[in-house]
Amino acid sequence: MRISTSQIFDRNIAALQNNQTQLAQTQLQVATGRKMLRPSDDPVRAARSLELQQSQSVNKQFIANIGYAKDQLALTDARLSTMTDTLQYMRQKFIQAGNGGLSAQDKAAIASDLRSQLDNLVALANSKDGQGEYLFAGYKNDTPPIVFGDHDGDPDTPDLYYYQGDAGTRQMQVGPERQMDIGIPGSAAGGGGLFEADQSLYTPGTPATYPPAEFFNRLKTAIDAIDPATSATTTLPLEYLDPDTGAPDPTSYGLDMVDAFMERIAVYQSKVGSQRAELDSLDYAGQTLDLHYATARSRIEDLDYNEALSRLAQQQLVLQAAQQSFVRVANLSLFQYL
């Protein structure tokens, strides 16, 4: 079989181009640190890598949600603890107000102090998170939950502390099948929530009717019953009136209201504490899973530099030898032997 000069040149050029392509591929792998530069390099591995990448992305979102939920619950727990501290202080003041030897001026001073603490409780109830959303307003987290004033639009009814939020509980997806409460509503249907408000009393309209925030109103009543300036116009429930004299007992009433409020807070604090412990476990599991995904992707995507550098050196040597061989073949001519 006769082989023409052009065939020799074409074959050598094709071999050189193939060697250069392989060398360029290896050089690019070394530069990027990746085995697969295109999905077509290994479709099966590329598909598996994409699947792992998507799973890792979803898991990272859960980890981010867990972090947000932990922040929300930590802030909520801190506010509940401060509420309890304030109520403990108010409890001591109510006990002090029960001293029969106090003058009218002394009682007025205690009432003034208690009103300041009640204002502090309202401020805590209207706490916001880092995004400016109210912690204890349910789904209506753009509205301050506790307000004092006309709750029903009727000028003949007394002003009250009322609840403007709703009974919804905000949730966060913290796992594939786990949604966690990250908010505490101030009301519940039929009465309840953090502030003992009956959400069923809410009626929309102009004006709307809002449910009274009973814990705040009861504390206000107890304080007013202590203050000589307001005690004459303040009525306590019958069980807090002396059956013989009809004299009110604002100290017992105030203590019972403080204790009831603290018991409600303790219920929610217990729930928040349990949720924070669960989030710690979920966070650890999520971080472990993220490491698993990263390791699996590394096995598929990352380059073995020892093998790649060895292959690069070999390909450079082969290309150099092919180039030198081609030069010699290209210089062959019958005239050199005449």
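Please read these numbers as outputs of a predicted model, since none were measured by experiment.

Caption draft 1: Fine view of the overall build of the protein. Per the secondary structure count, the protein includes six helices and six strands. The order of helices and strands in the protein, counted from the N terminus, is α-α-α-β-β-β-β-β-β-α-α-α. Counted over contacts in the protein with a minimum sequence separation of 6, partners at least 24 positions apart contribute 64%. Accessible surface, the protein: about 18,900 Å² in total, of which carbon and sulfur atoms supply 52%.

Caption draft 2: Representation of empty space enclosed by the protein. The final tally for this structure, using the stated rule, is one cavity of 30 Å³ or more. Taken as a whole, the largest cavity encloses approximately 40 Å³ of empty space. Considering the residues around the largest cavity, the lining is formed by Leu-73, Thr-76, Asp-181, Ile-182, Gly-183, Ile-184, Lys-271, Val-272 and Gln-275. For the lining of the largest cavity, the secondary structure elements donating two or more residues are helix H2 (43–97) and helix H5 (250–301). Ranked by residues supplied to the lining of the largest cavity, first place goes to H5 with three residues. In the lining of the largest cavity, the residues fall into four nonpolar, three polar and two charged.

Caption draft 3: Highlighting the nonpolar core. Ranked by internal contacts, the top residues of the largest apolar core, which has 51 residues, are Met-83, Phe-94, Phe-195, Phe-216 and Leu-219. Secondary structure elements with two or more residues in this core: H2, helix H3 (104–125), strand E2 (160–163), strand E3 (171–175), helix H4 (214–226) and H5. The element best represented in this core is H5, accounting for ten residues. Residues in contact with Phe-195, not counting those within four places in the same chain, are Met-83, Ala-125, Phe-136, Ile-146, Tyr-163, Gly-186, Ala-213, Glu-214, Phe-215, Phe-216 and Phe-261.

Caption draft 4: Quick look at H4. Over its 13 residues, H4 runs 18 Å from end to end, which matches the ideal 18 Å to within 8%, given 1.5 Å per residue. Buried within H4 we find Phe-215, Phe-216, Asn-217, Leu-219, Ala-222, Ile-223, Asp-224, Ala-225 and Ile-226.

Caption draft 5: A look at the layout of surface pockets. There is about 220 Å³ of room inside the largest pocket. Lining of the largest pocket is provided by 13 residues; of these, Ala-97, Lys-107, Ala-225, Ile-226 and Pro-250 occupy positions nearest its centre. Secondary structure elements with two or more residues in the lining of the largest pocket: H4 and H5. In the lining of the largest pocket, the residues fall into six nonpolar, five polar and two charged.

Caption draft 6: H3, seen in detail. The terminal C-alpha atoms of H3, which comprises 22 residues, lie 31 Å apart, in line with the 32 Å expected from a rise of 1.5 Å per residue. Every buried residue of H3 is accounted for by Ile-110, Ala-111, Asp-113, Leu-114, Gln-117, Leu-118, Leu-121, Val-122, Leu-124 and Ala-125.

Caption draft 7: Structural detail: the packing of aromatic side chains. Scanning the model with the defined rule gives ten aromatic pairs in all. Here Phe-215 and Phe-261 contribute two aromatic rings whose centre-to-centre distance is 4.6 Å and whose plane-to-plane angle is 15°, an arrangement assigned as stacked. Here the residue Phe-215 occupies a position in helix H4, and Phe-261 occupies one in helix H5, the gap between them amounting to 46 residues. Residues Phe-215 and Phe-261 agree in their burial class; the two are buried. One aromatic cluster is present, formed by Phe-136, Phe-148, Tyr-161, Tyr-163, Phe-195, Phe-215, Phe-216 and Phe-261 through successive ring pairs.

Definitions and cut-offs
- Residues numbered from 1 in each chain as written.
- Predicted model: local features only at pLDDT ≥ 70, side-chain atom pairs only at ≥ 80, totals over all residues.
- Heavy atoms only, no water.
- Helix = DSSP H or I, 4+ residues; strand = E, 2+ residues; numbered from the N terminus.
- Contact = heavy atoms within 4.5 Å.
- Areas by Shrake-Rupley, 256 points an atom, 1.4 Å probe, with all protein chains shown as cover.
- 1 Å grid on protein atoms, 1.4 Å probe; cavity = no way out; pocket = protein on both sides within 12 Å on 5 of 7 lines; lining within 4 Å.
- Points joined across faces, edges and corners; volume = space filled by probe spheres on them.
- Nonpolar A, V, L, I, M, F, W, Y, C, P; charged D, E, K, R; others polar.
- Core = buried A, V, L, I, M, F, W, Y, C linked by side-chain atoms within 4.5 Å.
- Buried < 20%, exposed > 50% of the residue type's maximum accessible area, 1.4 Å probe, protein only.
- Expected span 1.5 Å × (residues − 1).
- Phe/Tyr/Trp six-rings, centres within 6.5 Å; stacked < 30°, edge-to-face > 60°.

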